[in-house]
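In case you want the letters, here they are:
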Amino acid sequence: MSNEAKAPKARKLVIALDGPAASGKGTLARKLAQAFDLAHLDTGALYRAVAAIVLRAGINETDEDAVVLAVGQIGATKIEENELRSTAVGRVASVVAAMPKVRAALLDYQRNFAASPPDDKEGAVLDGRDIGTVVCPAADVKFFVTASVEERARRRHAELQSRGERITYEAVLAELRDRDARDCNRAQAPLRQAEDAVLLDTTELDIETAFRQAVDIIARRKGLGVSASPARP
Ligand code: C5P
């Protein structure tokens, strides 16, 4: 192998998206990754995977030393999308995400993903709660994506119903309020907008409009074009 091949790849573009559950940040992150040909990491899926393993194994979700062992099993555990996205897994994810040892165990993986994206991509889009504040504080562009809790509950309720989970709108609303409170009030890496993050409120903004706004901001800041132009109405 030549020296050139061993040299670390220069990091080109890192985009951070943070925000509460069902704010639209995941959809936006996927679309931005596709438009700019970047790798995408849904960091919430990491915490959800830990939670799913904890639930399956019947581990006490408040036992930090037992829970942190589940982090090492993520790569070896097959978890279907329906299980990963379930309400029960989301709730436990926000409980285990408040544990410093769990956050520490997942930090390097996330930072490495941003610094050396897979598939030879020239950058990465990461979405979560603490990307702009803790995981990638030097990200090139940061967004804080939010929406009213009622609108988020409406979206999450529709999504869960389409997945076959039987749950009322009121139960989803209560669950999101609980999860927001846990995510915002925890001591470590609480959910908050980074000072240099652009706020995108999607309460009354459809995803295409939010996407176009985000693309314009990234393109303007970085002087970039997009490989997959957003469809214009
Ligand atoms: O984004 P999603 O709703 O799938 O995340 C599930 C949970 O994982 C969140 O409620 C939060 O507690 C936790 N999380 C986190 N930090 C991240 C991503 C997710 O604490 N970067």
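Here the structure is a predicted model, which means the values were calculated and not measured.

**Looking at the site of the ligand**
Here is step 1: Around the ligand, 15 residues are found, and the nearest of them are Arg48, Arg103, Asp130, Arg179 and Asp183.
Here is step 2: Between the ligand and the protein, one listed contact pairs an oxygen atom with a side-chain N or O atom of Arg48 at 2.6 Å.
Here is step 3: Arg186 is positioned with one of its side-chain polar atoms (N or O) 2.9 Å from an oxygen atom of the ligand.
Here is step 4: Relative to its unbound accessible surface of 450 Å², the ligand loses 97% to contact with the protein.
Here is step 5: Contributing elements (two or more residues each) for the shell around the ligand: helix H3 (43-57), helix H6 (87-96) and helix H10 (169-185).
Here is step 6: When residues of the shell around the ligand are assigned to their parent elements, the largest contribution, 4 residues, is made by H3.

**Topic: helix H4 (residues 64-71)**
Here is step 1: Taken residue by residue, H4 has Val67, Ala70 and Val71 as its buried positions. Each buried residue of H4 sits inside an arc of 115 degrees when the element is viewed along its axis, so together they form one side.

**Quick look at the confidence of the model for the protein chain**
Here is step 1: In this model, the protein chain carries an average pLDDT of 92, and 91% of its residues clear a pLDDT of 70 or more.
Here is step 2: Ignoring residues within four places in sequence, the model shows residues 1-6, a span with pLDDT below 50, making 1 contact including any to other chains.
Here is step 3: Low pLDDT (under 50) marks residues 228-233, which in the prediction has 9 contacts with non-local residues, meaning those over four places away or in another chain.

**Details of the side chain of Arg85**
Here is step 1: Along the chain, Arg85 falls in the loop between helix H5 (81-84) and H6.
Here is step 2: In this structure Arg85 comes out as buried when scored by relative accessible area, which is 18%.
Here is step 3: A polar contact of 2.8 Å, which involves the side chain of Arg85, links it to the side chain of Asp42.

**Describing the packing of aromatic side chains**
Here is step 1: What the rule picks out here adds up to 0 aromatic pairs.
Here is step 2: Over the face of the ring belonging to Phe211 we find Lys31, whose NZ or CZ atom lies 4.8 Å from the ring centre.

**A few points about the pairing of strand E1 (residues 13-18)**
Here is step 1: Counting buried residues in E1 gives 6 out of 6 residues, a clear majority hidden from the surface.
Here is step 2: Covered by surrounding structure in E1 are Leu13, Ile15 and Leu17 together with Val14, Ala16 and Asp18, the residues of both alternating faces.
Here is step 3: As judged from the 6 bridges shared by E1 and strand E3 (residues 123-128), these two strands associate in the parallel manner. When the bridges of E3 are listed, Ala16 appears paired with Leu126.
Here is step 4: Where E1 and strand E4 (residues 141-146) come together, 4 bridges link them in parallel fashion. When the bridges of E4 are listed, Asp18 appears paired with Phe144.

**As for unusual backbone geometry**
Here is step 1: Positioned with a positive phi, Ala22 is a non-glycine residue whose angle comes to about 60 degrees.
Here is step 2: Note that Ala22 resides in the loop between E1 and helix H2 (25-36).
Here is step 3: Residue class for Ala22 comes out buried when judged on its relative accessible area of 13%.
Here is step 4: Positive phi outside glycine occurs at Asp120, with the angle close to 60 degrees.
Here is step 5: Take Asp120: it is sitting in the loop between helix H7 (100-115) and E3.
Here is step 6: A relative accessible area of 64% means that Asp120 is categorised as exposed.

**Concerning the pattern of salt bridges**
When the charged atoms of two side chains with opposite charge come close together, those side chains can pair.
Here is step 1: Taken as a whole, this structure holds 20 salt bridges when the rule is applied.
Here is step 2: Among the ionic pairs, Glu83 bridges to Arg56, the shortest N-O distance being 2.9 Å. Of this pair, Glu83 sits in helix H5 while Arg56 sits in helix H3, and the two are 27 residues apart along the sequence.
Here is step 3: A residue is classified by how much of its surface remains accessible, and Glu83, at 26% relative accessible area, is partly exposed.
Here is step 4: In this structure Arg56 comes out as partly exposed when scored by relative accessible area, which is 46%.

What counts as what
- Residues numbered from 1 in each chain as written.
- Predicted model: local features only at pLDDT ≥ 70, side-chain atom pairs only at ≥ 80, totals over all residues.
- Heavy atoms only, no water.
- Near = heavy atom within 4 Å.
- Polar contact = N/O pair within 3.5 Å; in protein donor to acceptor, adjacent residues only side chain to side chain.
- Areas by Shrake-Rupley, 256 points an atom, 1.4 Å probe, with all protein chains shown as cover.
- Helix = DSSP H or I, 4+ residues; strand = E, 2+ residues; numbered from the N terminus.
- Buried < 20%, exposed > 50% of the residue type's maximum accessible area, 1.4 Å probe, protein only.
- Arc of directions from axis to C-beta.
- pLDDT = per-residue confidence, 0-100.
- Contact = heavy atoms within 4.5 Å.
- Phe/Tyr/Trp six-rings, centres within 6.5 Å; stacked < 30°, edge-to-face > 60°.
- Lys NZ or Arg CZ within 6 Å of the ring centre and 35° of its normal.
- Pairing = 2+ DSSP bridges.
- Salt bridge = Lys/Arg side-chain N within 4 Å of Asp/Glu carboxyl O.

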